[in-house]
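Spelled out from the first residue to the last, the chains are:
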Amino acid sequence: MTDPVPLLQVEGLRVEFPTRRGVLVAVDGVSFHIDAGEVLGVVGESGAGKSLTGAAVIGLLEPPGRIASGQIRFEGQRIDNLRPERMRRLRGRSIAMVFQDPLTSLNPLYSIARQLTETIRTHLDLDEAAARKRAIELLDEVGIPAAARRIDEYPHQFSGGMRQRVVIALALAANPKLIIADEPTTALDVSIQAQIIALLKRLCAEHGTAVMLVTHDMGVIAETADRVAVMYAGRIVEVGDVQQVIGDARHPYTHGLMGSIPMIGHDVERLVQIDGAMPRLTEIPAGCAFNPRCPRALPRCRSERPELVSAAGAQVACWLFDGAGSDR
């Protein structure tokens, strides 16, 4: 019996930005998959390439950014080489996106009703009355109180958390199979973050929608994701089941991220600090890009790039582990 085809399969993705000083590589050889109904968390510091990976999947790379190599397959069909018109039909209908700032997704000049009904009618064969009814149902589903009344209001009349709920309703408008959520809780208060996380989890369970959750917050990943991919300097350095990666991080970078999070019940005098900063695209070192900041770097880390290998149930790109997953 053959294994089922993943909903999304990314293989060897490379994103480049041509400049007058040469070509900058922002995403370098990234491979991962997402199954139907699964939440994959993509985590890392700012500049790791997380958002660019999501933008590449949905075909929203800003020029001069381009996919230089690799393949992106959705339901087994390649989509990275689709013509713009075909990609527009796929975007919103089968793959939707939730951005960090809801004001970048909502037009301040149009009512919520107009924006939702236009999106619904673009992708579904519904008349105006049926589209408005579905829009109200969506607002109610994402937790907007008095949805039938508030649907005729404008974005500025909603709080930040409520605007993000509207954006999630927009993403769900055509019943997509995959949602790419790019830092959906970063601009919100902690209590509102928890509500949005709970909302995403519930909607995934009820609709069977898969989610690629892009964030720098390991706490959000721990609460939401089934699996996690840790990115650093445009590459995936560790990927595996979320509980396994969080409970027993293998890569020194992942270990540092986990050690920097305060935890209730853990009495430590000082949290872990990862010295240094993410390298600029013009200054990515040879070998493992993390080697200048790594407390366990080996001589070969400075000259040879490690590939992902199996290590205790996860996959890790680190010379501390061999192909059998044993710690050197």
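Rules used throughout
Residues numbered from 1 in each chain as written. Predicted model: local features only at pLDDT ≥ 70, side-chain atom pairs only at ≥ 80, totals over all residues. Heavy atoms only, no water. Phe/Tyr/Trp six-rings, centres within 6.5 Å; stacked < 30°, edge-to-face > 60°. Helix = DSSP H or I, 4+ residues; strand = E, 2+ residues; numbered from the N terminus. Buried < 20%, exposed > 50% of the residue type's maximum accessible area, 1.4 Å probe, protein only. Lys NZ or Arg CZ within 6 Å of the ring centre and 35° of its normal. Disulfide = S-S within 2.5 Å. Axes fitted to C-alpha atoms, helices over the stretch in contact; angles between N-to-C directions. Parallel < 35°, antiparallel > 145°, perpendicular 65-115°, else oblique. Left-handed = near helix turned anticlockwise from the far one by under 90°. Contact = heavy atoms within 4.5 Å. Nonpolar A, V, L, I, M, F, W, Y, C, P; charged D, E, K, R; others polar. Polar contact = N/O pair within 3.5 Å; in protein donor to acceptor, adjacent residues only side chain to side chain. Domains from an automatic or database assignment. Buried area = accessible area lost by both parts, 1.4 Å probe. Salt bridge = Lys/Arg side-chain N within 4 Å of Asp/Glu carboxyl O. Core = buried A, V, L, I, M, F, W, Y, C linked by side-chain atoms within 4.5 Å.

Novice: Sorry, what's going on with the packing of aromatic side chains here?
Specialist: A ring pair, where both rings are aromatic, is described by two values, the distance of the centres and the angle of the planes. Within this structure, the stated rule accounts for three aromatic pairs. Relative to Phe290, the ring of Tyr232 has its centre 5.2 Å away and its plane inclined at 80°; by these criteria the two rings are edge-to-face. You can see Tyr232 sitting in strand β9 (residues 227–232) and its partner Phe290 sitting in the loop between α10 (252–259) and β11 (309–311), a full 58 residues away along the chain. This pair shows no difference in class: Tyr232 is buried, exactly as Phe290 is. Here the aromatic cluster, defined as three or more aromatic residues joined through ring pairs, consists of Tyr232, Tyr253 and Phe290. The ring of Tyr110 carries Arg114 above its face, with NZ or CZ at 3.6 Å from the centroid. Here the basic side chain of Arg300 rests over the ring of Trp319, its NZ or CZ set 3.7 Å away from the ring centre.

Novice: Hey, could you run me through the state of the cysteines in this one?
Specialist: Disulfide: a covalent bond formed between the sulfur atoms of two cysteine residues. Under the counting rule described, the total for this entry stands at zero disulfides. Cysteine Cys288 is unpaired, with the sulfur of Cys301 as its nearest cysteine sulfur at 6.0 Å.

Novice: Before we go on, may I ask you to explain the packing of helix α3 (residues 112–123) against helix α4 (residues 128–141) in this structure?
Specialist: The description of two packed helices rests on the angle between their axes and on the distance between the axes. Packing of α3 against α4 leaves a shortest axis separation of 9 Å and a crossing angle of 110°. Taken as axis vectors, α3 and α4 run roughly perpendicular relative to one another. With respect to the hand of their crossing, α3 and α4 are arranged in right-handed fashion. Facing Ile112, Ala113, Leu116, Thr117, Ile120 and Arg121 of α3, the residues of α4 in contact are Glu128, Ala131, Arg132, Arg134, Ala135, Leu138 and Leu139. Its residues assigned to classes, the contact of α3 with α4 shows eight nonpolar, one polar and four charged.

Novice: I would appreciate a short explanation of the side chain of Gln115 in the present structure.
Specialist: Within the secondary structure, Gln115 is located in helix α3. On the basis of relative accessibility, which here comes to 9%, the residue Gln115 falls in the buried class. At 2.9 Å, the side chain of Gln115 forms a polar contact with the backbone oxygen of Tyr110. Once residues within four sequence positions are removed from consideration, Gln115 is found in contact with Ser105, Leu106, Asn107, Tyr110, Pro155 and Leu170.

Novice: Help me understand the domain arrangement of the protein, please; the structure alone is not making it clear to me.
Specialist: Where interface size is given, it is often the accessible area lost as the parts come together that is meant. Under the domain assignment, the protein is made up of domain 1 (1–94 + 177–283 + 297–328) and domain 2 (103–175). Inter-centroid distance (C-alpha atoms) of domain 1 to domain 2 is 29 Å. On the side of domain 2, 13 residues touch domain 1, which itself brings 18 residues to the contact. Here domain 1 and domain 2 share an interface that buries about 1300 Å² over both sides, 59% of which is from carbon and sulfur atoms. Where domain 1 touches domain 2, the interface holds zero salt bridges. Within the residue set of the side of domain 1 that touches domain 2, elements represented by two or more residues are α2 (84–90) and α7 (190–207). Top contributing element to the side of domain 1 that touches domain 2 by residue count: α7, with nine residues. The residue inventory of the side of domain 1 that touches domain 2, partitioned by class, reads eight nonpolar, three polar and seven charged.

Novice: Can you help me understand the nonpolar core in this one?
Specialist: Where a protein is soluble and globular, its nonpolar side chains tend to be buried together. In terms of nonpolar packing, the biggest core is built from 95 residues, with Phe32, Leu139, Ile168 and Tyr253 touching the most fellow members. If you tally residues by element for this core, the top one is helix α6 (residues 160–172), at eight residues. Lining this core are residues from two domains, each supplying at least three of them: domain 1 (1–94 + 177–283 + 297–328) and domain 2 (103–175). Judged by nonpolar contacts, the second largest core, of five residues, contains Ala311, Val316, Leu320 and Phe321.

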